[in-house]
Amino acid sequence: MSSPLTQPLLCLFLALLFVAGTSSPARAPDELERVGGGGGENQREFDYFALALQWPGTYCQRTRKCCSSNGCCRGSNSPATIFTIHGLWPDYNDGTWPSCCTKSSFDPKEISTLNDALEKYWPSLSCSKPSSCNGGKGSFWGHEWEKHGTCSYPVFGNEYDYFLTTLNLYFKYNVTSVLNDAGYVPSNTEKYPLGGIISAIENAFHASPQIICSKDSVQELRLCFSKDFKPRDCAIASDAKIDMVTSKSSCPKYVSLPEFASTGHDGLQSWASNNSAL
Ligand code: 5GP
Ligand code: 5GP
């Protein structure tokens with residue numbers, strides 16, 4: 001719903017986006033001050049967190065080449081039948097989000113004690129090296145910390161707390177087991193009602209998730225939390241649930257949770273078996 005007040009603001013926002021030449025799909029106006037501003041003292045505090053999870057059975061279908069950092073390529077050690085973590089994202093209630101809030105660079109040493117758990121539950125499912133906020137190329141974890149984690153102040157002030165709390169949230173709100181218990185198991189033949197998947201999550205956590213599809217396959221599922229980590233709806237509009245199962249969703253009414261395929265792409269199986277250290 002737009003008020004007379006929001007329209008001029010919207011125009012200003014769009015103009016700022018244009019002038020800044022940003023490629024981000026939805027940035028907050030004050031982010032434009034923050035990016036490169038290095039400090040974040042002018043930043044507007046975020047409103048809530050989205051825990052973004054990815055489904056390897058869908059995500060790994062796009063794998064065209066393998067490398068040591070790609071969790072899709074680990075054969076029987078791949079995260080085949082669980083949702084894995086994409087990131088914990090600070091969001092604004094209006095659907096926009098801040099990004100790259102400080103100039104702090106990712107330091108892998110700060111989270112080295114979490115490495116085993118992160119490799120297992122927060123693997124990169126791609127060989128591509130994401131860009132860091134400072135212009136270079138880095139790891140998936142570094143990208144998530146710099147792009148999203150640095151905007152989680154004052155809830156998190158350092159990498160370790162950000163990654164540890166994300167892991168704990170992921171364990172506490174176990175989407176994979178909720179869906180399995182409701183009969184939504186990985187399958188290359190079954191289609192499940194999107195509304196049923198949403199209801200299973202709502203019944204378990206008393207909040208509505210956001211689901212992202214690639215064609216008719218579930219690719220991401222996002223759970224949302226208040227700043228004190230109580231589950232809350234991802235969308236604030238009262239008709240959000242209706243929107244999600246109809247036109248505004250990236251998902252059709254019936255969706256699949258594809259099984260993870262460890263073969264089928266040239267070289268994947270042989271790469272994995274030649275790299276037994278993984
Ligand atoms: P996509 O365009 O693939 O949906 O998203 C690309 C990237 O934009 C995501 O990986 C994430 O970094 C950011 N992004 C997309 N949607 C959201 C959102 O709802 N909240 C936040 N904080 N970031 C998002
Ligand atoms: P986001 O979409 O989160 O802003 O950016 C993700 C970046 O990390 C992209 O450049 C993507 O190619 C890279 N990336 C590396 N591993 C993964 C992964 O497992 N999932 C996603 N969504 N992106 C990944």
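In this report, the structure presented in the accompanying data block is examined. (Residues numbered from 1 in each chain as written. Chains lettered and ligands numbered in written order. Predicted model: local features only at pLDDT ≥ 70, side-chain atom pairs only at ≥ 80, totals over all residues. Heavy atoms only, no water.)

1. Some thoughts on helix 6 (residues 159-172)
Turn by turn, an α-helix covers 3.6 residues, leaving residues three or four places apart pointing in a common direction. Over its 14 residues, helix 6 extends 20 Å from the first C-alpha to the last, a length consistent with the 20 Å expected when each residue adds 1.5 Å. The set of residues buried in helix 6 consists of Glu159, Tyr162, Phe163, Thr166, Leu167, Leu169 and Tyr170. All buried residues of helix 6 lie within an arc of 160° about the axis, which places them on one face of the element. The N-terminus of helix 6 is capped by Asn158, whose side-chain oxygen sits 3.1 Å from the backbone nitrogen of Tyr160. (Helix = DSSP H or I, 4+ residues; strand = E, 2+ residues; numbered from the N terminus. Expected span 1.5 Å × (residues − 1). Buried < 20%, exposed > 50% of the residue type's maximum accessible area, 1.4 Å probe, protein only. Arc of directions from axis to C-beta. Polar contact = N/O pair within 3.5 Å; in protein donor to acceptor, adjacent residues only side chain to side chain.)

2. A closer look at the nonpolar core
If you look at the biggest cluster of nonpolar residues, it comprises 45 residues, and the most contacted ones within it are Phe83, Phe163, Val175, Leu179, Ile211 and Leu223. A total of 6 residues in this core trace back to one element, the largest contributor, which is helix 8 (residues 194-205). If near-sequence neighbours (up to four positions away) are discounted, Leu179 is found in contact with Phe83, Tyr184, Ile197, Ala200, Ile201 and Leu221. If you look at the next biggest cluster of nonpolar residues, it comprises 6 residues, including Tyr48, Ala50, Ala52 and Trp89. (Core = buried A, V, L, I, M, F, W, Y, C linked by side-chain atoms within 4.5 Å. Contact = heavy atoms within 4.5 Å.)

3. Brief notes about helix 5 (residues 140-147)
Burial runs high along helix 5: 7 of the 8 residues are buried. Of all the positions in helix 5, only Phe140, Trp141, Gly142, His143, Glu144, Trp145 and Glu146 are classed as buried. Here the buried face of helix 5 lies against strand 1 (48-54), strand 2 (84-91), helix 4 (115-121) and helix 6.

4. As for the site of ligand 2
Surrounding ligand 2, one finds 13 residues, the nearest of these being His86, Ser124, Leu125, Ser128 and Lys147. Lys147 is positioned with one of its side-chain polar atoms (N or O) 2.8 Å from an oxygen atom of ligand 2. Relative to its unbound accessible area of 490 Å², ligand 2 is 77% covered by the protein chains. Taken together, the residues of the shell around ligand 2 break down into 5 nonpolar, 6 polar and 2 charged. (Near = heavy atom within 4 Å. Areas by Shrake-Rupley, 256 points an atom, 1.4 Å probe, with all protein chains shown as cover. Nonpolar A, V, L, I, M, F, W, Y, C, P; charged D, E, K, R; others polar.)

5. A word on the site of ligand 1
Every residue lining ligand 1 is accounted for by His86, Trp89, Pro90, Asp91, Trp97, Lys147, His148 and Arg222. Between ligand 1 and the protein, one listed contact pairs a nitrogen atom with a side-chain N or O atom of Trp97 at 3.4 Å. Relative to its unbound accessible area of 490 Å², ligand 1 is 65% covered by the protein chains. Broken down by element, the residue count for the shell around ligand 1 peaks at 4 residues, all from strand 2.

6. Looking at the pairing of strand 5 (residues 217-225)
Within strand 5, 9 of the 9 residues are buried, leaving the element largely enclosed by the surrounding structure. In the sheet, strand 1 pairs with strand 5 via 6 bridges, with the strands oriented antiparallel. For Ala52, the partnering residue across the bridge sits in strand 5 and is Arg222. The pairing of strand 4 (residues 210-214) with strand 5 spans 5 bridges and is classified as antiparallel. In the strand pairing of strand 5, Ser214 is matched with Ser217. In this antiparallel pair of consecutive strands, strand 4 and strand 5, the connection spans 2 residues, and Lys215 shows a positive phi of 55°. Relative to strand 6 (residues 231-232), strand 5 runs antiparallel, the two being bridged by 2 bridges. Paired with Cys224 across the two strands is Arg232, which belongs to strand 6. Hairpin connection from strand 5 to strand 6: 5 residues lie between these consecutive antiparallel strands, with Phe229 at a positive phi of about 65°. (Pairing = 2+ DSSP bridges.)

7. Things to note about the packing of aromatic side chains
A complete count under the given rule lists 17 aromatic pairs for this structure. Pairing Trp55 with Phe83 gives two aromatic rings, centres 4.8 Å apart and planes at 55°, and the pair type is tilted. Residue Trp55 is found in the loop between strand 1 and helix 3 (56-59), and its partner Phe83 is found in the loop between helix 3 and strand 2; the two are separated by 28 residues along the sequence. Taken as a pair, Trp55 and Phe83 share a single burial class, namely buried. Chaining the aromatic ring pairs together yields one cluster made of Phe46, Phe49, Phe106, Trp122, Trp145, Phe156, Tyr162, Phe163 and Phe229. In this structure, Arg44 is placed above the aromatic ring of Tyr92, and the distance from its NZ or CZ to the ring centre is 3.8 Å. Geometry around Tyr48 places Arg232 over its ring, the cationic atom sitting 3.8 Å from the centre. (Phe/Tyr/Trp six-rings, centres within 6.5 Å; stacked < 30°, edge-to-face > 60°. Lys NZ or Arg CZ within 6 Å of the ring centre and 35° of its normal.)

8. So, the state of the cysteines
This structure, assessed with the given rule, holds 7 disulfides. Two residues share a disulfide in this structure: Cys60 and Cys72, whose sulfurs sit 2.1 Å from each other. Taking the sign of the torsion about the S-S bond as the criterion, the disulfide between Cys60 and Cys72, at about -80°, is left-handed. Residue Cys60 is found in the loop between helix 3 and strand 2, and its partner Cys72 is found in the loop between helix 3 and strand 2; the two are separated by 12 residues along the sequence. The class of Cys60 is buried, set by a relative accessible area of 5%. Classification of Cys72 as buried rests on a relative accessible area of 4%. In this model Cys224 forms its disulfide with Cys234; the gap between the sulfur atoms is 2.2 Å. Across the S-S bond of Cys224 and Cys234 the torsion is about 105°, and the bridge reads as right-handed. Residue Cys224 is found in strand 5, and its partner Cys234 is found in the loop between strand 6 and helix 9 (240-245); the two are separated by 10 residues along the sequence. (Disulfide = S-S within 2.5 Å.)

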